[in-house]
Every structure is written in C-alpha cells, then in structure tokens.
Amino acid sequence: MFNKKNGTVTEKDILAALSNVQEPELHDDLVSLNMVKDIHINGGQVGFTIVLTTPACPLRGQMERESTDAVMALPGVEQVAVKFDANVRGDNRIAGRLNIPVRNIVAVASGKGGVGKSTVSVNLAVALAQQGARTGILDADIYGPNIPTMMGLTRDSLPAPRDGKLVPPLAYGVEVMSMGFLIPQGEAVIWRGPMLHGAIRQLFTDVAWGELDYLIVDMPPGTGDATLTLAQSVPVTGGIIVSTPQNVALEDAEKGLVAFRKLQVPILGIIENMAGDVFGEGGGERAAQRLHVPFLGRVYLDGEIRRGGDAGQPIVAIDPDNPQSLAFHELAQAVAARVSVMSFQSAPELKII
Ligand SMILES: Nc1ncnc2c1ncn2[C@@H]1O[C@H](COP(=O)(O)OP(=O)(O)O)[C@@H](O)[C@H]1O
Ligand SMILES: [Mg+2]
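Residues numbered from 1 in each chain as written. Chains lettered and ligands numbered in written order. Predicted model: local features only at pLDDT ≥ 70, side-chain atom pairs only at ≥ 80, totals over all residues. Heavy atoms only, no water.

> Help me understand the pairing of strand E11 (residues 238–243) in this model?
E11 sits mainly inside the fold: six of its six residues count as buried. Alternating positions in E11 separate into two faces, Gly238, Ile240 and Val242 on one and Gly239, Ile241 and Ser243 on the other, with burial throughout. Summarising the sheet, strand E6 (residues 105–109) and E11 pair through four bridges and their orientation is parallel. In the sheet register, Val106 faces E11, and the bridge partner there is Gly238. As paired strands, E11 and strand E12 (residues 267–275) are joined by five bridges and run parallel to one another. Of the residues in E12, the one forming a bridge with Ile240 is Gly269. One crossover worth recording links E11 to the parallel E12 by way of helix H8 (residues 249–262), and it is right-handed. (Buried < 20%, exposed > 50% of the residue type's maximum accessible area, 1.4 Å probe, protein only. Helix = DSSP H or I, 4+ residues; strand = E, 2+ residues; numbered from the N terminus. Pairing = 2+ DSSP bridges. Right-handed = clockwise from strand over helix to strand, strands pointing away.)

Structure (structure tokens):
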C-alpha cells in the first residue's frame, strides 16, 4: 500500500505537504502544531483529520481548502477527504487551583449595568454549544441573577445534589449555575466580604460541572467588590468587555479594562452591543482602538433579542437565521479563536492577592 514504485503516496509525503499549510491564527504549520492525525491512504485516495484547537474555529474552511490543495498537488493523489475534530487546550491554572474539569474560564464584564452583559453571555454560550463546544454558564451576578430566566429555567430546574455538589441543569446544550437557583425569588441578599467571597467560589467549586471547554461567567455588574473578589479567587482565562455604541462607551469600557488589567486577567476584547438607530454605532469599536484591545464584534439593538431574553428563549436558539444570531455566532468564533491563541502564549502567573 505504501509502495513508491506504483506511484503511491506515503504518509511521510502527506505530512511533508501539510507542513506547508499554516494555521492562520497560530502562525505555525499544521504538522508542527501536531494537528494532523488518522492519515489513511487507499491508492490515490487520501484522508486525514485536522484536530482544531476549538470546534468554533472561524478558519475551518480555509484550512480545509489549503490542506486539500497541498495534498492534491502530490503525484498519485486523486482524491482528498478532510475530517475535523477539536481538542480545546486547557488553562492549566484552573486545574491547579479549582479542581473542576473546566478548560477555560471566560469572564464577561462591563463598566456599568444594563448594557446587555447577561444577554451577550447567554447567546455566546448557546452559540458555542451549537458549534460543538462543551459549554457552561455561571451567573456570578449575585445581586441580580437573571441567567436562569434568560435560559428558560426556574428554581425547580435544579436537580438534586450529587455527592454533596450542586448539579447544573442543562438548557440549550449549556450547563447553567446561578445563585438565582438558591435564593428565594424576589429576596434581596446582602452580601458581605467573606460571605461574598465564599458564595462566588462555591458557584465554581461546589458544582458538579461536566468536562467543559468553556465556562462563560456573567460577572457581577461594574467593577466593584464582587468583581474583584471573583477575579482574585478564580483563575480567569480571559475577559470580555461589553459596551454600548455611545460615545461614553470609551469611559465605561476603560473602567472594565483597568479592573481586568489590575487583576492580571488577559483581555480577549470588546463587544459592542445595542448598535443601531437608537444608540448609534461604533463606540465599542472606537473604544477598542483607543484602548489597544481587539474588537470582537457588534450586535445590533433588536426587539427579538429582548423578547428572547424575557421568554427564556435565546435568539441564537430559537431564530438561528436571524442576522443577530449570526452575529453572535461570529462573536463566539472570535472569542474561541482568541482563547486558542492565548493558550499557545505563556499565560502570566496569576497574582494571588
Ligand atoms: N442587542 C439587544 N437588543 C435588544 N435588547 C437588548 C439587547 N441586548 C440586551 N437587551 C435587553 O436590554 C436589557 C438589559 O440587558 P441585560 O443583558 O440584562 O444587561 P446587563 O446584564 O448588562 O445588566 C434586557 O432587557 C435585554 O433583553
Ligand atoms: Mg445582567
């Protein structure tokens, strides 16, 4: 089968060809990055699998084309079949400190409330799950936990605890945990220092999370105590800042950014939400430029997004063809790609304060 005399291509030839194909974001070739596996050769028919660093990879199509072309160029190859698989790299600081099977913790924050932080967290999480990533969402907004409502869950959705741990209910393919499951509806809880610290940490560690590629954390509003507590007690892989399109967005985004930087949380980028006729457009993007952080994308103000949130039916789940659902999918890919890229850079040691 590997007989050169018959003009049959070998595994070595294929690897040599694929070593000329770049992973466009990691800036290295597929072979050096160890992304090629399961090479099959059957006469002129060749197949192999590319193991991506995230199932939500925005450049899958490009890699498929380029690797097909590279292998087709080998003498004797008539047909190439590329398969994809994914293995999300883990942030090893998590395993070291929290003992939960979560590979990456992505925090979603904003300089002020009401900008759509929870809405973005929910739709991002559902979009990642739809793209094949194992995803959870943790509602760390302990003052106004509304992730359960937005995911169509109630207190009754919480399964019985298992081995002394809370079991996160599943909605739209996403594991969900929130203080909203634990405190009686409408009851205001006043959180004080140590209790706050304990409560937030428990939402991470006393939960029977499944093996997750991404745990999206809807952060407490603003940059106050709860935010600081969270970032100090949990190794956050990367932070996203949600901002509005108005001109004041720069100030708000900057507040979020400064808080993340102080806590040495790497910044994934800024998302502009609620763009359109009412609030204008471009404030989030300009803020990203001015603050020298990536602009991850824009979502427009759309009544269907709000209705979906109120009804517990995220727009990406119930109206996947809506342009805003597509925007959330692109955001999900941008976030996943940034996390992958970061996982190949050496993560800074988390400062424990
Ligand atoms: N892009 C959008 N289009 C329309 N309504 C939105 C959009 N983003 C958020 N909303 C609505 O705005 C309100 C505030 O959003 P929310 O996600 O709760 O903000 P935050 O978590 O930052 O306080 C909610 O009613 C939500 O449905
Ligand atoms: Mg919120």
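> Which parts of the structure should I look at to understand the domain arrangement of the protein chain?
Interfaces are often sized by the accessible area lost when the parts come together. Per the domain assignment, the segments of the protein chain are domain 1 (4–86) and domain 2 (92–344). Domain 1 and domain 2 are separated by 36 Å when their C-alpha centres are compared. Contacts between the two partners involve nine residues from domain 1 and, on the opposite side, eleven residues from domain 2. Between domain 1 and domain 2, roughly 830 Å² of surface is buried when both sides are summed, and carbon and sulfur atoms account for 68% of that area. (Domains from an automatic or database assignment. Contact = heavy atoms within 4.5 Å. Buried area = accessible area lost by both parts, 1.4 Å probe.)

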